[in-house]
Structures are given as structure tokens and as C-alpha cells.
Amino acid sequence: MEFSSGRARLKQARLAEDRRELYPHSLQFYLEPPTENVSLVEFESFAFDRLKLLKVVENLGVSYVRSSDSYKAKLEIELRKLKFPYKALAEDDYEARRKDHISHFILRLAYCQSEDLRRWFLQQEMDLLRYRFNELTDSLRQKFLEHVNLSFEAVSEDLKNELANELCTSTPGLGMTKVKEQMFYKVGLADAVDLFRARRVFIKDGFAYVPLKEIDAIVLNNYRTKLSKALALTARSLPSIQSDERLQPLLNHLSHSYVGPDYSVQKNTGKISLEQIDALSVKSFPLCMRQLHKALRDNHHLRHGGRMQYGLFLKGIGLTLEQALEFWKKEFIRGKVDADKFDKGYAYSIRHSYGKEGKRTDYTPYSCMKIIMSNPPSQGDYHGCPFRHSDPELLKQKLQSYKIPPSGITQILELVKGMHYQLACQKYFELTHDVDDIGFSLNHPNQYFTESQRLLSGGRELKKEPSNSGNSQQKSNNQESRNSNSTPTSSNTTADAELEGLEAYFTED
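This text gives an overview of the structure that appears in the document. (Residues numbered from 1 in each chain as written. Predicted model: local features only at pLDDT ≥ 70, side-chain atom pairs only at ≥ 80, totals over all residues. Heavy atoms only, no water.)

Structural notes on the environment of Tyr-71
Going by this rule: Secondary structure follows DSSP: runs of H or I at least 4 residues long count as helices, runs of E at least 2 residues long count as strands, and numbering of each begins at the N terminus. Relative accessibility thresholds used throughout: buried, under 20% of the residue-type maximum; exposed, over 50%; partly exposed, between the two (1.4 Å probe, protein chains only). Two residues form a contact once any of their heavy atoms are found within 4.5 Å.
With respect to the helices, strands and loops of the structure, Tyr-71 is situated in helix H3 (residues 69-82). What makes Tyr-71 buried here is its relative accessible area of 2%. With 10 residues separating them in the primary sequence, Tyr-71 and Gly-61 have C-alpha atoms 7.7 Å apart. Not counting residues up to four positions away in its chain, the partners in contact with Tyr-71 are Val-57, Leu-60, Gly-61, Tyr-64, Val-65, Arg-66, Asp-127 and Tyr-131.

This is the structure we're talking about:
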């Protein structure tokens, strides 16, 4: 028994050593792709968790100062919840490091497909690395720099005290007290050329003496260069990915996916009357739906894209099939469509969207990402995301007509300029509801409606509440397969399937 137990302990020790060699540090530049087999279930799970994490990184980066305690605390909570490395953990965080490694490369595949996607992915990964690097202890920071071949020597306390006056004079923003508190590194001039050019560092014997607050800029620039090149190389592998029937649908879906409740089942179905819609459109509809409602009332008609986007939203807030038929018919016959034409044509598509015709698919309301990323509006259309698809000057005029204060309009337009369209909508919510921080990430028009009603009712019982969210991904997948050619493979049917190592997709031809 002792012999057997000893062999087991030896085997366990060897396994632990192998794991430490595979991921010697909790932080990495993701230079080598994973080579192990990954099940499709794990593939999808890892990808969606990292996507959630990067969405939080984006949201926090706009809402908080990146070095603030609030930013750090909220990001650490998310890293803990999603089981990613959140500090320089001990040796037992192998699973978190593995998930971090694999999930990065999965999203790299999904987000290399266009310039906009590459730019977004690069920015969020940079912000994530900055946070994690700055959370390292001094010794682990030095270990990481060596790990990524950035062997900057830490300046000893004795040398720092000897050069204190020069460091204080040559380093903007650092007084003598801060110089003594701050850690400095000796960096070759080739790596610190930008800091040298800007006269932000002390130079001696061919080395720049860089404070810790500036060393992360050097690390991040190095990382940006490597990741930008890697994304470009990965994009060249797209033809081989597109020929893989297991990967291609998953990756296409990831780049404009939504992973929250699908708002397909409502507790308040039928509780909202048609007479309430005009008032609700002003106080509780997101801008995209308010725009569609106004266009419908003004023109007594919407094209197919608008009918789908607005009709499924109304379904999500609780309109029954009978109410929807009445609502659309009353409005359309006020225009150029007579009752008979409506009953023979348009009524079918409404019943179809409720799962009563055709393949009986119960269509779910569109998420923000689906609206932003697919089917852009053309002339005469009113669907889409006003923050993404409207001319900035026209958007400004629209916001002014809705009595948004000038300072708020400026904030929204800045977010739009930075391509933070969902955050612009979030700011619109805050301004129209007179709140400073809504306390959630806005990802769905029906979520906007739900949270608006919650706020306006003083936190009492919701006007609508999504349920059965556990089935959201499957229902979303069913709809996506009919509205676009980008669906994730169903996890239920591929539990035993495995993907071979991903390294083939990241190598240069």
C-alpha cells in the first residue's frame, strides 16, 4: 500500500511539474497556440466566457478610470466569476491558465475576420493585459518580463538612492518622495525610444531608467506589435477555417453573439395594451425602437428589416399574436395597404415570427450585437442601430429633438466616435432616466425596456421579466440559422466531439 501510494504521489508530482512547465506564469503574450484536443462543448464555453470578460473590460474602460480602485475591484470580480487568472496566483491555477490560453486563441480566430473586429479585440486584450500586469508583485513582474524576453533589470535601492536627484529631475510627475517609493528599471534605448524622445526618462550609459508607471507602456507596445501581426497572419488562415464545418459556424457567430436571456417567454404576455405603446415608446423604448415606432406612425409602413426588428421587440415586451396582428393591420391600412392585401401577405409573416407558420420556429427578439453587425439599413429603411448606422449630425439632431442636454449629446457622440455603440445607448438610458450609473451592461433592446420599467416602477414587480433563460442559446441558435448563416454548433449534439490542436490555424503559410 505504501509503495502504491508513493507511486501515485510521484505521478501526481510529475503531472504538477508538467503543468508548471506548460504555463510557468499566470500572464502571457499568447505566442504559442494550444496543441491539445478540445471538445466542442469546452471550445464554445471558453469562447463565450472570454467574450463576456472582454465586454466587461470594454464597459469598465469607458465608465471608470483604468487605474482606479473601482475599475480594479469590478474587473477582479468578473475574472473570479468566469474563472480566469485574476492575480499572480499560486501553482494550483493550472485550469484558469489553460482556459485563458485556449480562449484567447479561439477569439483570435473569430475576431481576425475584419479590420473593425481586429481593432476591437486588440484594444480589449491590451486593457486586460495592462490590468493583470499592474497587479503582479515586483518579483513576479520581473519573472514575467524574463518569460516574454523583455529582461529589464530592476534598479537596486542603493543605485536608486544614488541617482535620486537625477531621476526626480528627468522624470515628469515624480517628486523626490515618489521617486523613493517607485520601482525603476534599466531599459535599453531601443525599447524606450518613445520615452527618450519625449524626455520622460533619465539616460545613463546607454540605458533609460524607466519608472514602473511607464514600464507597462513598453510592455503593452511590445504586446500590441506581436498581437497585431498575429491577427494579420491568422486572417490568412481563414480559408482553411471556412472549410471546417465544425468551426466556421461557431466562429462566425462569436463575432456578433449575444449570451444573455433571449426574451422569448414573457410573464406579462398580453398585459400591455395597444393603447400603451405610444407612451411606452417615449419613456421606455431604446432609441432604435423609438425610431422604428415613429417611422411606422408617420409612414404607416415599415420595410421587412424594420418589421422584423420592431415586431420581435414588441413580441418580447409582451404583445400576443392577436395584438400584433391588430397593431400592424390598423397601422398599415392607414397607408397604401388595404385589409385584404394585409391578410394575404403581411399577416403570414407576423404569424411566422410567432412560430405559427412555416417551420414553426419561435423567433427571439434581436440583440444589440445582431442589430449592429448584420443587415445595415439602406435608403428608406429605419431599422438598425442609430448609434452605429446614423450620420453623427443627424443623430445629434435627433437627440436634440428628444431634449437630451448638450453635455449629454457630446458624451454620446464621443462614445459613437470610439465605436462604443452599446455604451452610447447606455448613456442615452442614463440621460433619459436621470440616473448617474445604471449598474448593468446594456446588451439587448428588451433589456433596456425591462430595466426602464423596473426603474420607473420604483423597483417593484417588473413590467416584463424574461424567463427560461437556460434555453436562450439554443433558441438564439435556431433563429440565427434562419436569419444569417452563422450559428454555433449545438452543444447538446457534440458533447463527445473533439477539436484537434489549434496550432494549424495560426501558422504562416
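Okay, back to it.
Regarding the pattern of salt bridges
Put simply, the rule reads: Criterion for a salt bridge: a side-chain nitrogen of Lys or Arg within 4 Å of a carboxyl oxygen of Asp or Glu.
Tallying each qualifying case throughout the model produces 27 salt bridges. Taken together, the shared-partner salt bridges in this structure form one network comprising Glu-36, Glu-42, Glu-95 and Arg-98.

Some thoughts on the nonpolar core
One recurring pattern in soluble globular proteins is that nonpolar side chains are buried together. Threshold: Joining through side-chain atoms within 4.5 Å is the link that ties buried Ala, Val, Leu, Ile, Met, Phe, Trp, Tyr and Cys residues into a set, and such a set is a nonpolar core.
Formed by 66 residues in total, the largest nonpolar core has its most connected members in Val-210, Ile-215, Leu-251 and Leu-254. The residues touching Leu-254, leaving out its near neighbours within four places in the chain, are Ala-47, Phe-48, Leu-51, Ile-106, Leu-107, Ala-110 and Tyr-111. If you look at the next biggest cluster of nonpolar residues, it comprises 55 residues, including Phe-285, Val-337, Cys-385 and Ile-404.

Quick notes on the state of the cysteines
Under the convention used in this document: The disulfide definition used here is simple: a pair of cysteine sulfur atoms within 2.5 Å.
Here the structure, examined in full by the defined rule, presents zero disulfides. Of all cysteine sulfurs, the one in Cys-368 lies closest to Cys-425, which takes part in no disulfide; the gap is 5.9 Å.

Overview of the pairing of strand S5 (residues 207-211)
Within a regular strand, side chains alternate between the sheet's two faces. Our working rule: A pair of strands is labelled paired if DSSP reports no fewer than 2 bridges between them.
When you tally the buried positions in S5, you get four out of five residues, the bulk of the element. In this sheet, S5 lies alongside strand S3 (residues 184-188) in antiparallel orientation, the contact comprising five bridges. Bridge pairing in S5 places Val-187 opposite Ala-208. Count of turn residues in the strand S4 (residues 202-204)/S5 antiparallel hairpin: two residues, of which Asp-205 carries a positive phi of about 55°.

The quantities given are spatial measurements derived from coordinates; they are silent on function.
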